[in-house]
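Results of the structural survey
Spelled out from the first residue to the last, the chains are:
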Amino acid sequence: MDVGRRFRHLHRYREIASAFVRYGFGYLVKDLGLAEVVPYRTFWNGQRKGVDKKSLGIRIRLFLEELGPTFVKLGQLAGSRSDLLPGHIVAELKKLQDDVTAFPFSEAARIIETELGDKLEVLFSEFEERPIAAASIGQVHLAVLSSGESVAVKVQRPNIRTIVETDLEILAELAGMAERRLEWAKRYRIREMADELGRALLAELDYEKERRNAEKFAVLGASIPYLHIPVVYSERSTSRILTMERVDGIKLSDKEALQAAGHSPAEIADRFVSIILHQVLFDGFFHADPHPGNALVLEDGRIALLDFGMVGKLSTTMKLYFSSLVIALRGQSTEGVIRAISRLGLIPDNIDQSLLHADVDELRELYYGVPLSQISLGDSIRRLMDVARKHDIRIPSEMTLLGKTLLTTEGVASGLDPSFSILKVAEPFGRRLLKYKVNPVRAIKRAGTKLPEIADWLWDAPGKLKELMTLAKQGKIKLELTVPETEAFMKKLDRIGNRLSISIVLLAFSILMVGLIVGSSINSESSITIGRFPAIEIGFAVAGTMLLWLLYSIFRSGR
């Protein structure tokens with residue numbers, strides 16, 4: 001961010017920096033070089049009473065709530081990143097409340113008329129002034145179209161995009177400063193995290209994207225008889241207005257109301273989980289925020305999904321590898337778990353494989369002998385995320401979003417049926433997907449689609465090989481071989497060479513001594529001397545010393 005833009009956002013910088021001080025993060029203000037934007041009195045006396053007695057997670061949550069909608073939404077999104085943040089902080093972020101005061105009906109009417117280009121009374125035959133729900137991004141009003149359909153109209157808050165974009169610019173700047181100044185910020189890749197969460201938040205501001213998501217879910221879910229996706233009215237929708245079919249039903253969290261209406265909570269739980277798993281493992285396009293408020297049970301037992309602002313996407317490859325991961329977790333296979341995450345390209349080259357195996361083994365031991373009904377898939381994946389964070393394994397955002405989705409789904413299902421096991425439902429889905437993978441007919445079709453690519457590669461191969469040979473002849477190809485622990489290896493070679501040299505010298509000296517002894521025995525009347533000293537006795541002393549040194553060095557090395 002340039003100086004001019006920072007000056008324009010000076011007031012917001014001051015609010016953020018002052019909030020840091022109030023919740024016990026004043027040291028960050030100093031470390032980031034923001035002390036000059038905080039009033040003197042606030043900096044030294046601004047920390048709220050009793051804040052130092054609260055845990056880190058609570059202080060972060062209160063800090064985000066005070067700074068408004070952008071920070072609340074970012075905190076909620078960060079609450080799904082258990083691979084990046086410690087569990088106690090994630091638990092507090094999940095408590096962030098998105099309920100805010102509704103904005104006036106006059107503002108809502110103005111936005112609708114501006115966006116849709118007509119008077120409210122022309123667009124709708126009825127429109128309730130009081131919203132049924134209000135959140136940080138928008139609020140929902142019930143209405144009736146001129147054609148008679150009952151609808152729910154979601155209206156975006158005034159100026160919310162400007163507010164969010166300003167806050168995201170400031171956060172990007174602060175994250176960049178943190179990475180340049182603080183080692184822990186660089187290690188946690190704060191800038192990358194801020195960018196990723198910012199993109200997710202901006203996507204939620206685009207109601208056109210949510211409309212397209214709903215339409216896609218309707219097409220993909222047509223084969224599921226117990227799923228209902230509300231109809232979207234495109235002609236009454238824009239990037240700031242979303243008009244959908246009004247759906248009346250019972251929330252999944254209201255178990256007593258479901259039973260009173262004649263629905264089996266266990267059956268509803270099974271249907272709900274099956275819907276999400278079908279979206280994950282077959283469609284590769286899933287609802288990423290399936291909390292009880294976003295799912296209703298209709299009178300006929302179907303489940304209606306609502307709010308399609310947050311969705312997850314998985315490629316065919318990622319679906320297959322996730323299936324392998326589920327089966328490996330189900331079978332408590334350490335090698336299977338590591339193989340699955342390796343194929344996802346998550347493990348860095350310099351990882352300590354033995355330590356990783358030990359940690360996954362420890363995770364496996366937690367569930368050894370435990371009945372399947374008592375094993376939580378969501379908890380298993382959360383613990384696996386903890387292992388990943390420990391070993392600096394980078395988890396793709398799609399997988400972390402999937403982990404958060406499964407945790408939420410499992411929590412809803414367990415609330416309906418405490419004995420429910422998501423693994424029992426997930427494993428058959430995974431096996432079906434793996435059978436699909438090895439289906440010979442599909443394999444032949446897939447090979448057929450690859451033939452043009454293979455033919456192009458074969459056609460280009462001679463030319464590429466010729467280019468490679470030309471570079472080799474010109475000496476432009478360099479080959480570098482690195483032997484791990486080269487220095488230690490060379491020292492060992494030196495020691496071996498020294499011992500070998502001593503052995504050869506000792507052997508030569510021994511041969512010489514044998515010659516002297518033989519000569520002395522032939523001429524027994526005279527002894528061989530060096531000066532006045534007897535040569536044979538001296539030779540024995542030298543040879544014995546050399547032999548003793550060689551034996552000592554061998555025994556000392558233990559080899």
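Scroll up a little and you will see the structure.
Presented here is an overview of the structure given in this document. Keep in mind that what you see is a predicted model, and the values were worked out from it rather than measured.

Side note on the packing of helix 10 (residues 160–181) against helix 12 (residues 190–204)
Running from N to C, helix 10 and helix 12 point in directions that differ by 170 degrees, and their axes come no closer than 8 Å. Looking at the two axes, helix 10 sits roughly antiparallel to helix 12. The residues of helix 12 that touch helix 10, namely those facing Arg161, Val164, Glu165, Leu168, Ala172, Ala175, Gly176 and Glu179, are Ile190, Arg191, Glu192, Ala194, Asp195, Gly198, Leu201 and Leu202. Considering only residue class, the contact of helix 10 with helix 12 consists of eight nonpolar, two polar and six charged.

A short note on the sheet that holds strand 10 (residues 303–305)
Note: strands within a sheet are paired through backbone hydrogen bonds, in either parallel or antiparallel orientation. Pairing within the open sheet is mixed, and its four strands lie in the order 5-10-9-7. Bordering the open sheet on either side are strand 5 (227–228) and strand 7 (250–251), each of which pairs with just one other strand. The pairing of strand 9 (residues 295–297) with strand 10 spans three bridges and is classified as antiparallel. Bridge pairing in strand 10 links Ala295 to Leu305. Of the strands in this sheet, strand 5, strand 9 and strand 10 are in contact with helix 15 (residues 265–283), which crosses strand 10 at around 45 degrees.

A look at the side chain of Thr409
Along the chain, Thr409 falls in helix 20 (residues 397–416). In contact with Thr409, not counting residues within four places along its chain, are Phe272, Val273, Ile276 and Pro290.

Focus: a nonpolar patch on the surface
Residues Leu465, Leu468 and Met469 make up a contiguous nonpolar surface patch of about 290 Å² in total accessible area. You can see Leu465 is positioned in helix 22 (residues 440–473).

Section: the environment of Ser274
Structurally, Ser274 can be placed in helix 15. With 155 residues separating them along the chain, Ser274 and Phe429 place their C-alpha atoms 8.8 Å apart. If sequence neighbours within four positions are ignored, Ser274 has contacts with Tyr226, Val425 and Phe429.

Some remarks on the packing of aromatic side chains
Going through the model one piece at a time under the given rule, you end up with nine aromatic pairs. With centroids separated by 6.4 Å and ring planes inclined at 80 degrees, the aromatic side chains of Phe63 and Phe71 adopt a geometry described as edge-to-face. Each member of the pair, Phe63 as well as Phe71, is classed as buried. Ring geometry for Phe217 against Phe308: centres 5.4 Å apart, planes inclined by 35 degrees, an arrangement best described as tilted.

Reading the values: rules and limits
Residues numbered from 1 in each chain as written. Predicted model: local features only at pLDDT ≥ 70, side-chain atom pairs only at ≥ 80, totals over all residues. Heavy atoms only, no water. Axes fitted to C-alpha atoms, helices over the stretch in contact; angles between N-to-C directions. Helix = DSSP H or I, 4+ residues; strand = E, 2+ residues; numbered from the N terminus. Parallel < 35°, antiparallel > 145°, perpendicular 65-115°, else oblique. Contact = heavy atoms within 4.5 Å. Nonpolar A, V, L, I, M, F, W, Y, C, P; charged D, E, K, R; others polar. Pairing = 2+ DSSP bridges. Patch = residues over 30% accessible without salt bridge, like charges linked within 9 Å, V, L, I, M, F, W, Y side chains within 5 Å. Areas by Shrake-Rupley, 256 points an atom, 1.4 Å probe, with all protein chains shown as cover. Salt bridge = Lys/Arg side-chain N within 4 Å of Asp/Glu carboxyl O. Phe/Tyr/Trp six-rings, centres within 6.5 Å; stacked < 30°, edge-to-face > 60°. Buried < 20%, exposed > 50% of the residue type's maximum accessible area, 1.4 Å probe, protein only.

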